[in-house]
Amino acid sequence: MKLTDISNDINEWFDGSGPMADIVISSRIRLARNLAGYKFLSRCSDKEKSEILDKLRDIMMSLDLGDKVFYVSVNDAPTLNKYFLVERHLISRHHAFGKGPRGVVIAEREFFTAMINEEDHLRIQVLKAGCQISQCAEQINRIDDMIEKKVDFAFSPRYGYLTACPTNVGTGIRVSVMLHLPALKITEQIEKFFNAAKDLNLAVRGLFGEGTEAASDLYQLSNQATLGVSESDIVSRFEKTIIPEIIEYENAARSHLLSKQSDVLDDKISRAMALLQNAHLISSQEALFLLSHLRLGINMHQHMGASTPAIERLRALCGSGDDPDKASPLSIATINRLFMLTLPAHLQINYGKPLDSTHRDALRAQIIRSALNQQDPRKS
Amino acid sequence: MRCQICNKNDATIHLTEIADGVRTEMHICEQCAVEQDIAVKSHIPINELLSNLLAVQPSDDELSGSSEQSLACPHCGFTLAQFRKEGVLGCPGDYEVFEKTLLSLIEKAHDGKTAHCGKIPLKTPRDAKKQMELLNLRQQLDAAVQSEDYELAAKLRDKIKQSEKEQH
Ligand SMILES: [Zn+2]
Ligand SMILES: [Zn+2]
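Residues numbered from 1 in each chain as written. Chains lettered and ligands numbered in written order. Predicted model: local features only at pLDDT ≥ 70, side-chain atom pairs only at ≥ 80, totals over all residues. Heavy atoms only, no water.

**A few points about the overall build of chain A**
Inference 1: A count of helical and extended segments in chain A gives 13 helices and twelve strands.
Inference 2: A compact globule built from 380 residues would reach a C-alpha radius of gyration of about 21 Å, and chain A, at 21 Å, matches this within 12%.
Inference 3: Seen through its C-alpha atoms, chain A measures out along the principal axes to roughly 65 × 45 × 35 Å.
Inference 4: Taking all 380 residues of chain A together, 60% fall into the buried category.
Inference 5: Summing over all exposed atoms, chain A offers an accessible surface of approximately 14400 Å²; the carbon and sulfur share of this is 48%.
Inference 6: Positive and negative side-chain charges of chain A, numbering 45 and 47 respectively, have mean locations separated by a distance of 2 Å. (Helix = DSSP H or I, 4+ residues; strand = E, 2+ residues; numbered from the N terminus. Rg over C-alpha atoms; globule rule 2.2 N^0.38 Å. Buried < 20%, exposed > 50% of the residue type's maximum accessible area, 1.4 Å probe, protein only. Areas by Shrake-Rupley, 256 points an atom, 1.4 Å probe, with all protein chains shown as cover. Lys, Arg positive; Asp, Glu negative; His and termini not counted. Charge placed at Lys NZ, Arg CZ, Asp CG, Glu CD.)

**Here's the deal with empty space enclosed by the protein**
All names here are of chain A.
Inference 1: Here the structure, examined in full by the defined rule, presents three cavities of 30 Å³ or more.
Inference 2: Lining the largest cavity are Trp13, Ser26, Ser27, Arg28, His89, Leu127, Ser176, Val177, Met178, Leu207 and Gln220.
Inference 3: Within the residue set of the lining of the largest cavity, elements represented by two or more residues are strand E1 (24-33) and strand E8 (173-180).
Inference 4: Its residues assigned to classes, the lining of the largest cavity comprises five nonpolar, five polar and one charged. (1 Å grid on protein atoms, 1.4 Å probe; cavity = no way out; pocket = protein on both sides within 12 Å on 5 of 7 lines; lining within 4 Å. Points joined across faces, edges and corners; volume = space filled by probe spheres on them. Nonpolar A, V, L, I, M, F, W, Y, C, P; charged D, E, K, R; others polar.)

**A few points about the coordination of the zinc ion (ligand 2)**
All names here are of chain B.
Inference 1: Within the protein, the zinc ion (ligand 2) binds to Cys73 (SG), Cys76 (SG), Cys91 (SG) and Asp94 (OD); these donor distances fall in the range 1.9 to 2.3 Å.
Inference 2: For the zinc ion (ligand 2), the four donor atoms in the first shell make angles of 97 to 122° at the metal, so the coordination geometry reads as tetrahedral.
Inference 3: The sequence pattern formed by the donor residues of the zinc ion (ligand 2) is C-x2-C-x14-C-x2-D. Note that Cys76 is positioned in the loop between helix H4 (66-69) and helix H5 (80-86) and Cys91 in the loop between H5 and helix H6 (94-97), a separation of 15 residues in sequence. Of the two residues, Cys76 and Cys91, both sit in the buried class. (Donors = N, O, S within 2.8 Å, 3.2 Å for Na, K, Ca; no water. Tetrahedral: all angles 85-135°; square planar, octahedral: opposite > 155°, others 65-115°.)

**A look at unusual backbone geometry**
Inference 1: Its identity as a non-glycine residue notwithstanding, A:Glu188 has a phi of 60°, on the positive side.
Inference 2: Residue A:Glu188 is classed as exposed on the basis of its relative accessible area of 72%.
Inference 3: Its identity is not glycine, yet B:Asn7 carries a phi of approximately 60°, on the positive side.
Inference 4: Within the fold, B:Asn7 resides in the segment before strand E1 (13-19).

**With respect to the packing of helix H4 (residues 133-148) of chain A against helix H7 (residues 231-260) of chain A**
All names here are of chain A.
Inference 1: Viewed as axis vectors pointing N to C, H4 and H7 meet at an angle of 170°, and their least axial separation amounts to 9 Å. Here H4 is positioned roughly antiparallel relative to H7, judged by the angle of their axes. Contacts from Ile133, Ser134, Gln135 and Ala137 in H4 reach Val235, Phe238, Glu239 and Ile243 in H7.
Inference 2: Residues belonging to the contact of H4 with H7 are distributed by class as follows: five nonpolar, two polar and one charged. (Axes fitted to C-alpha atoms, helices over the stretch in contact; angles between N-to-C directions. Parallel < 35°, antiparallel > 145°, perpendicular 65-115°, else oblique. Contact = heavy atoms within 4.5 Å.)

**Examining the environment of A:Arg174**
Residue and element names in this part refer to chain A.
Inference 1: Tracing the backbone through its elements, the reader meets Arg174 in strand E8.
Inference 2: Of the residues examined, Arg174 reaches a relative accessible area of 14% and is grouped as buried.
Inference 3: Residues Arg174 and Ile234, 60 residues apart in the sequence, show an inter-C-alpha distance of 9.1 Å.
Inference 4: With sequence-adjacent residues up to four places away left out, Arg174 is seen in contact with Arg28, Ile29, Arg30, Thr167, Asn168, Ser222, Asn223, Gln224 and Thr226.
Inference 5: A polar contact is formed between the side chain of Arg174 and the side chain of Asn168, at a distance of 2.4 Å.
Inference 6: One polar contact links the side chain of Arg174 to the main-chain carbonyl oxygen of Gln224, over a distance of 3.2 Å. (Polar contact = N/O pair within 3.5 Å; in protein donor to acceptor, adjacent residues only side chain to side chain.)

**Things to note about the sheet that holds E1(A)**
Residues and elements named next belong to chain A.
Inference 1: Strand order in the open sheet formed by eight strands is E2-E3-E4-E5-E1-E8-E10-E9, and the pairing between neighbours is antiparallel. Of all strands in the sheet, those with a lone pairing partner are strand E2 (69-73) and strand E9 (202-206), marking the two edges. The sheet shows a mean angle of 20° between the axes of neighbouring strands, direction not considered.
Inference 2: Where E1 lies against E8, seven bridges are found, and the strand directions are antiparallel. Pairing of Leu31 across the sheet is with Ile173, part of E8.
Inference 3: Packing of helix H1 (residues 46-61) onto the sheet brings it into contact with E2, strand E3 (103-107), strand E4 (112-116) and strand E5 (122-129), and relative to E4 it is tilted by some 165°. (Pairing = 2+ DSSP bridges.)

**Some words on the domain arrangement of chain A**
Residues and elements named next belong to chain A.
Inference 1: As far as domains go, chain A holds domain 1 (3-253) and domain 2 (262-379).
Inference 2: Spacing between the C-alpha centres of domain 1 and domain 2 amounts to 28 Å.
Inference 3: Taken together, the 28 residues of domain 1 in the interface contact 25 residues of domain 2.
Inference 4: Carbon and sulfur atoms supply 66% of the area that domain 1 and domain 2 bury against each other, a total of about 2500 Å² over both sides.
Inference 5: When residues of domain 1 are sorted by the area they lose upon contact with domain 2, Leu80, Glu87 and Ile186 head the list and together hold 23% of the total.
Inference 6: Counting across the interface, domain 1 meets domain 2 through one salt bridge.
Inference 7: Asp9 is paired through a salt bridge with Arg337; the nearest N and O atoms lie 3.0 Å apart.
Inference 8: Within the residue set of the side of domain 1 that touches domain 2, elements represented by two or more residues are helix H2 (79-87) and helix H5 (182-186). (Domains from an automatic or database assignment. Buried area = accessible area lost by both parts, 1.4 Å probe. Salt bridge = Lys/Arg side-chain N within 4 Å of Asp/Glu carboxyl O.)

Here it is, written out as structure tokens:
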């Protein structure tokens, strides 16, 4: 298994499938664990880190996950490969650019990864498409049980699972959802979402583009408190309260756009189409920004039956589906694929060598143009 | 903040390097980092939440936990000064060694909670499980009293009594 085996496509939890995937793109749960009888990583020598790495890698590679796994030695990986793994959400930035012996075990279908020697000895995560938080919880709990049969974790009756940073202590659980909130942004209500998250003690982070503002309108929302509240309480709070509320917000903004501001909506979609179909140089930020509006248009048609002049023109576009010989109507999967495959490290890995930013912008524009300008065979 | 290399994108990677006692900071964007093949040496590890918490750790704690301030962990040699700098602890034992100082931080980071509730390792000996159950019940009791839910509080008190009896 090489990284180029996965770099030509999106991971299955990012393909636009799953419940409520028009707004909740994916769900993720991560658990932080440390081995009993070892110091935390900040006090470990490289020799001790290697010992921990070998021990945990062997266990992770032998887990019965229903999928093959492969291992990447992160400390030996070229910089480009590290960025690639970060872009695919398989490792954290902290893991990519940390110090000393460390690695990651990845299931080939990418629903599971185990970062070894990140901030804690072990951080396992399970990812699924759409809103499937309790399914993630169930699976990661089972995996955690399997691991626990082979090692002892640092645990205290009072503080629970002991982690290197006291902000993760207790359950060590981090529940995250990736949200697409373009209508809240266009209607200038995204601040409300930030404030609501803050009131609920949840962390918000922009995805793909990372700046203060998410160019892609994709946000990751996570719990912060991990002590004194059980895993199942955190999960059900997300599923029963937080997610339905956000979906309602975003859908209200979409309805408002359609009924009161359809010129604004059509302008966004039309500009995005015009630029993406014609540009010859396009930056990652700009591509994310424009693709987000195409995604909004398609989802508004599929989930609300929206039909405006721009949405109809958008629907007439063809995207390359799974089979490049058979063009199919532009799908969410195609848009998501363009989101991911035009990120800087993905472009370069798939090109086979590093490219400077002008060449990347040209290649990115070319990939998007060809995906959006395919002739529909049924019409010719 | 703009990237120091291209001056175009937002800087998302923040590097700190300390050489000969001089601290230099660099703020660059992802694209430039890929392009320049910059090996990121020390990604600032302390998360925002924690650095805020550490910043507001005032004289109050220094009084109550004064004995901890000069202490080194007997298991790993870790000190609170190092914790303030790095934002991570040295070993699992530090939770006990520096309990006084950490407790107020833990409370702030976890909505006022200070006891675990949730999954317990399968291998945890039975008496430890009981001990935790008690801790949880007491925490719930505090919350019930605070929210003036006396009916629930009474039920919890009974449960705690029951649980304590079973232990002996
Ligand atoms: Zn730059
Ligand atoms: Zn220690």
